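Notes for the structure review
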Amino acid sequence: MRRTRGRTTGPTIATRGAAAAALATALAAGLPAAALAGPTVALDAQARGSVPNDEMVVVLAAERDGPQVGPLNEAVLAQLNAALADARAVEGVKARLGALSTQPNWGRDGKPQGWRVRGEVVLESTRMAALAQLGGRLGERMQLAGVQFRLSAERRQAEEKRLLVDAAKAFRARAADAAGAFGYASYQLKELTLRASGSSPGPRPMMAARSGAAEAAAAPLPSEGGDADVVVSVSGTVELGP
């Protein structure tokens, strides 16, 4: 800066030229600058696996009809509590109350003709053979509302961890392919999003009650759980560079 007749003047043309030259030198030397950034590309990749289900869920129901709600509630709750006690005596089985409902029974004339009370017990276990035997015994005196198979939390986490490695490799491969396809030699990760999903066979509806020889035999429930699909997805953006 220099003073002229008591005033301060701005940079001279020579000074501005020197600054421009310094900036050009910095860019040529490879220092970070927005002007050197390559294009940004959005990519996604996924890895998929199929794993045998290792957890079984059995839903049993008790149902009563009658003119008075009170006795019906007592009868249903007594049956549910007895089933819970039997289930909790089996090692490795988790048992809990499910849905409880009370509804009026309607006659053909549209008028209420008593009540229906229904309650459910939900049984869960990774010891599927033991639960199948228990479900068969309890099914002698309760309705079998459904059987479902799924992955346990531990098995799902282990599979997702394994698939994450494969999905990350696939994402990096796609990024390298994109860089090469557009004439760039490298890429830099900018943003990443991870997602995991999966599916198991849906609930299997069962016959509401057993009779005759089926009751006497107390056959176990089916315990072949099938497979569950697990998918891990990686999506994000990369910046292509020289």
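Bear in mind that the values here come from a model prediction, so they are computed numbers and not experimental data. (Residues numbered from 1 in each chain as written. Predicted model: local features only at pLDDT ≥ 70, side-chain atom pairs only at ≥ 80, totals over all residues. Heavy atoms only, no water.)

1. Quick look at the confidence of the model for the protein
Taken residue by residue, the protein gives an average pLDDT of 83. The fraction at 70 or more is 77%. Per-residue pLDDT stays below 50 along residues 1-28; that stretch engages in 13 contacts with residues further than four places along the chain or on separate chains. Across residues 207-216, where pLDDT falls below 50, the model places 14 contacts with residues more than four positions away in sequence or in other chains. (pLDDT = per-residue confidence, 0-100. Contact = heavy atoms within 4.5 Å.)

2. Thoughts on the pattern of salt bridges
Taken as a whole and judged by the stated rule, the model has 11 salt bridges. A salt bridge links Arg 150 to Glu 55; its shortest N-O distance comes to 3.0 Å. You can see Arg 150 sitting in strand 7 (residues 143-150) and its partner Glu 55 sitting in strand 4 (residues 55-66), a full 95 residues away along the chain. Given the relative accessible area of 13%, Glu 55 is considered buried. (Salt bridge = Lys/Arg side-chain N within 4 Å of Asp/Glu carboxyl O. Helix = DSSP H or I, 4+ residues; strand = E, 2+ residues; numbered from the N terminus. Buried < 20%, exposed > 50% of the residue type's maximum accessible area, 1.4 Å probe, protein only.)

3. So, the sheet that holds strand 4
Pairing within the open sheet is antiparallel, and its 4 strands lie in the order 5-6-4-7. Edge positions in the sheet fall to strand 5 (94-106) and strand 7, since each has one partner strand and no second. Across the sheet, the mean angle separating the axes of adjacent strands is 15 degrees when strand polarity is ignored. For strand 5 and strand 6 (residues 112-125), the ladder comprises 10 bridges, and the chain directions are antiparallel. Its bridge partner being in strand 6, Lys 94 is matched across the sheet by Glu 124. Docked against the sheet, helix 2 (residues 69-88) engages strand 4, strand 5 and strand 6, running at close to 10 degrees with respect to strand 6. Helix 3 (residues 128-138) rests against strand 4, strand 6 and strand 7 of the sheet, and its axis sits at about 10 degrees to strand 4. (Pairing = 2+ DSSP bridges. Axes fitted to C-alpha atoms, helices over the stretch in contact; angles between N-to-C directions.)

4. Some thoughts on the pairing of strand 6
The side chains of a regular strand alternate between the sheet's two faces. By the bridge criterion, 11 bridges tie strand 4 to strand 6 in an arrangement that is antiparallel. The partner of Gly 66 across the bridge, within strand 6, is Trp 115. Linking strand 5 to strand 6, which pair antiparallel, is a turn of 5 residues; within it Gly 110 sits at a positive phi near 85 degrees.

5. Looking at the nonpolar core
Met 56, Val 58, Leu 123 and Leu 134 are the most contacted members of the largest nonpolar core, which has 26 residues in total. At 6 residues, the largest contribution of residues to this core is made by helix 2. Ignoring sequence-local partners within four residues, the contact set of Val 58 consists of Val 121, Val 122, Leu 123, Leu 131, Leu 144, Gly 146, Val 147 and Leu 221. Within the second largest apolar cluster, 17 residues are counted, among which are Leu 43, Ala 228, Val 232 and Val 234. (Core = buried A, V, L, I, M, F, W, Y, C linked by side-chain atoms within 4.5 Å.)

6. Observations concerning the side chain of Ser 152
For Ser 152, the location among the structural elements is in the loop between strand 7 and helix 4 (153-181). A distance of 2.7 Å separates a polar atom in the side chain of Ser 152 from a polar atom in the side chain of Asp 54. Every residue in contact with Ser 152, bar those within four places of it in the chain, is listed here: Asp 54, Glu 55 and Thr 126. (Polar contact = N/O pair within 3.5 Å; in protein donor to acceptor, adjacent residues only side chain to side chain.)

7. Brief notes about the environment of Gly 146
Checked against the element boundaries, Gly 146 lands in strand 7. What makes Gly 146 buried here is its relative accessible area of 7%. Taking the C-alpha atoms as reference, Gly 146 lies 9.4 Å from Ala 61; in sequence the two are 85 residues apart.

8. Some remarks on the sheet that holds strand 3 (residues 40-52)
Taken together, 3 strands build an open sheet; the order of strands is 3-9-8 and the sheet is antiparallel. Here the strands that pair on one side only, and so sit at the sheet edges, are strand 3 and strand 8 (186-199). Direction aside, the axes of adjacent strands within the sheet are offset by 15 degrees on average. Here 13 bridges tie strand 3 to strand 9 (residues 227-241), and the two strands are oriented antiparallel to one another. Across the sheet, the residue bridging to Leu 43 is Gly 236, located in strand 9. On the sheet, helix 4 packs against strand 3, strand 8 and strand 9 and is oriented at approximately 145 degrees with respect to strand 3.

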